[in-house]
Amino acid sequence: MAQQVEGAMEIYKDMLKSDVSPDAQTFSALMRCAGRAGRLQLALAVFGEMKAAGMPPTRDVYNHLIVACGSAPQPQVERAFEIFYEMRDAGKNVSPNETTFNSLINAACRGGLPSYAFDAFQIMKDMQVRASLRTYNELIHAAGLRGVIGMESAFEVYDSMRLQGERPDVVTFSTLISACAKARDAHRAYQVFAEMQESEGCAPNLVVFHTLLVCLGRCGRWQEALQVYKDQMIDHENYNCRPTRATVSILFDACLGRDGAESLLASVAAQDSSFGAAMYLESEGAKAAMQLYKEVVAAGLQEDICPDIASAEENSTIRADLTQHTQSGAIVALLLLVESLRALPVGVKEVLILTGGAVRTNPQSGRPSKMSILAQALLLTLGLKATPLSTLSTQTLVVENACLDSWLNKKSDSVLNA
């Protein structure tokens, strides 16, 4: 998209150099391109040039600007409404349409101001602009951002939509389940899922399954999430609904806790002792996640962190690779790695854990990857000290022999004392 914007601007500059005067369509096309790329300042600059050229903005131009406000890296909701009010006051020839309001609602959602979305919808009704299915889907999404209260609002929007004769589509049901997930209401999510399955021509897709799994995870019902995965996804008749790496990552998050991998790591790091943290990481959910990891590695959905560890020889170097893992997958993989180290019948020289690619700056002072920080924190929580080692091409954690021996001896003592 960035290349398209730069290319469009180059063509525009060539036009000016060749004394070819841009028309309204030229400016509209430039703003459309900039808007989709989130280049708000560029879109506004082109808008200024259009006005300076004495050309009145069209409805499409205003709509492109509103889209740019919502697509910006930091969505400018207030600015979007300012543009809307200017558009509304510009006359009948540029009166707002359904696209205008859909873009406003979308900008409000992206900017984290769902109440503004409903303000836009109220203006839409006051101006007697008919709402479409897309409008209602955007409103359901906006409502769902507000947790429990928002979920109730989402269902109210859904009921209004049905009263207006609009038939829900896959996006509608997926967005409703997402609202249930934010409210941590698995019961309502199941109801929506069941209604969707009964709706003609509206079969659940992979996004819907993922949203349901996320909801179950946030409700602490990881066993049910695994059941949905096994019973309804693995052998689904539609190949596009079968599990992917994203599915596995969601399931790991579900097994590791209501708020996923990062929250789990923060929780165990806050424990007063590594023993308490280790016990937490050996919960039923964590064990289920480790079993799932073995299954998905065997199914080819996940690379094994260390496929050769079982054949390790005395005083050898163990090499593990986390670069193809999500954060939740990395936590589960490290738990399995630690479990395998405990069970090794031979002593090893060191463990090298690859956590990322090149540090972009000086490798001695460059910032480590998030994966490296996560892995080091988790190992430390388990009582295993790892030292970062960054080169021009890789980021690695090193667990040396002395640390391993000390750690294994402590584990042996704890078992004997138990």
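Quick caveat: nothing in here was measured; it's all calculated off a predicted structure.

Notes on the sheet that holds strand E2 (residues 348–356)
Part 1 of the argument: The four strands lie next to each other as E1-E2-E4-E3, forming an open sheet whose pairing is mixed. The open sheet has two edge strands, strand E1 (316–321) and strand E3 (387–390), and neither has a second partner. When strand polarity is set aside, the average angle formed by the axes of neighbouring strands in this sheet is 25°.
Part 2 of the argument: As judged from the six bridges shared by E1 and E2, these two strands associate in the parallel manner. Opposite Ser316, over in E2, you have Val348 as the bridge partner.
Part 3 of the argument: Seen against the sheet, helix H19 (residues 370–381) touches E2, E3 and strand E4 (395–400) and runs at an angle of roughly 15° to E4.

Brief notes about the environment of Ser199
Part 1 of the argument: Mapping Ser199 onto the fold places it in the loop between helix H11 (186–198) and helix H12 (206–218).
Part 2 of the argument: The exposure class of Ser199 is partly exposed, given its relative accessible area of 22%.
Part 3 of the argument: Residues Ser199 and Arg167, spaced 32 residues apart in sequence, show a C-alpha to C-alpha distance of 9.5 Å.

So, the packing of aromatic side chains
Part 1 of the argument: Inspection of every chain in the model, using the stated rule, returns nine aromatic pairs.
Part 2 of the argument: Seen from their ring centres, Tyr158 and Phe173 are 6.4 Å apart, and the 55° between their planes marks the pair as tilted. Here Tyr158, found in helix H9 (residues 147–163), pairs with Phe173, found in helix H10 (residues 170–183); they are 15 residues apart in sequence, far enough to count as distant. The same class applies to Tyr158 as to Phe173, namely buried.
Part 3 of the argument: Three or more aromatic residues link up through ring pairs in this structure, and these residues are Phe81, Phe84, Tyr85, Phe101 and Tyr116.
Part 4 of the argument: Here Arg188 stacks its cationic end above the ring of Phe155, 4.0 Å away from the centre of that ring.

A look at unusual backbone geometry
Part 1 of the argument: Even without a glycine there, the phi angle at Asp19 is positive, about 60°.
Part 2 of the argument: You can see Asp19 is positioned in the loop between helix H1 (2–17) and helix H2 (24–36).
Part 3 of the argument: Under the relative-accessibility criterion, Asp19 is labelled exposed at 69%.
Part 4 of the argument: Phi at Arg184 takes a positive value of approximately 55°, unusual for a residue other than glycine.
Part 5 of the argument: Counting through the fold element by element, Arg184 comes out in the loop between H10 and H11.
Part 6 of the argument: A relative accessible area of 40% means that Arg184 is categorised as partly exposed.

Some details on helix H18 (residues 327–343)
Part 1 of the argument: Look at H18: 25 Å from first C-alpha to last across 17 residues, which is about the 24 Å you get at 1.5 Å a residue.
Part 2 of the argument: Burial within H18 is extensive, with twelve of its 17 residues counted as buried.
Part 3 of the argument: Those residues of H18 lying buried are Ser328, Gly329, Ala330, Ile331, Val332, Ala333, Leu334, Leu335, Leu336, Leu337, Val338 and Leu341.

A few points about the packing of helix H13 (residues 222–233) against helix H17 (residues 284–298)
Part 1 of the argument: In the contact formed by H13 and H17, the axes pass within 11 Å of each other and the chain directions differ by 20°. In terms of orientation, H13 and H17 fall into the roughly parallel class. The two elements H13 and H17 meet at a crossing, and its hand is left-handed. Contacts from Trp222, Leu226, Tyr229 and Lys230 of H13 reach H17 at Glu284, Gly285, Ala288, Leu292, Glu295 and Val296.
Part 2 of the argument: Of the residues belonging to the contact of H13 with H17, the class tally is six nonpolar, one polar and three charged.

Here's the deal with the nonpolar core
Part 1 of the argument: If you look at the biggest cluster of nonpolar residues, it comprises 130 residues, and the most contacted ones within it are Met31, Ile305, Leu322, Leu334, Leu337 and Ile353.
Part 2 of the argument: The dominant element in this core, judged by the number of residues it contributes, is H18, at ten residues.
Part 3 of the argument: Look past the residues within four positions of Ile305 in its chain and what remains in contact with it is Tyr293, Arg319, Ala320, Asp321, Leu322, His325, Ala333, Leu334 and Leu337.

Observations concerning the pairing of E1
Both faces of the sheet carry side chains from a regular strand, because those side chains alternate between them.
Part 1 of the argument: Because side chains alternate across E1, one face comprises the buried residues Ser316, Ile318 and Ala320, and the other comprises Thr317, Arg319 and Asp321, none of which is buried.
Part 2 of the argument: The β-α-β motif built from E1, the intervening H18 and the parallel element E2 has right-handed crossover chirality.

Regarding the environment of Met196
Part 1 of the argument: Looking at the secondary structure, you find Met196 in helix H11.
Part 2 of the argument: Separated by 23 residues in sequence, Met196 and Phe173 place their C-alpha atoms 6.6 Å apart.
Part 3 of the argument: In this structure, Met196 is in contact with Val170, Phe173, Cys202, Ala203, Pro204 and Val208, ignoring residues within four places of it in sequence.

Thresholds, definitions, all that
Residues numbered from 1 in each chain as written. Predicted model: local features only at pLDDT ≥ 70, side-chain atom pairs only at ≥ 80, totals over all residues. Heavy atoms only, no water. Pairing = 2+ DSSP bridges. Helix = DSSP H or I, 4+ residues; strand = E, 2+ residues; numbered from the N terminus. Axes fitted to C-alpha atoms, helices over the stretch in contact; angles between N-to-C directions. Contact = heavy atoms within 4.5 Å. Buried < 20%, exposed > 50% of the residue type's maximum accessible area, 1.4 Å probe, protein only. Phe/Tyr/Trp six-rings, centres within 6.5 Å; stacked < 30°, edge-to-face > 60°. Lys NZ or Arg CZ within 6 Å of the ring centre and 35° of its normal. Expected span 1.5 Å × (residues − 1). Parallel < 35°, antiparallel > 145°, perpendicular 65-115°, else oblique. Left-handed = near helix turned anticlockwise from the far one by under 90°. Nonpolar A, V, L, I, M, F, W, Y, C, P; charged D, E, K, R; others polar. Core = buried A, V, L, I, M, F, W, Y, C linked by side-chain atoms within 4.5 Å. Right-handed = clockwise from strand over helix to strand, strands pointing away.

Shape descriptors only; they carry no functional weight alone.
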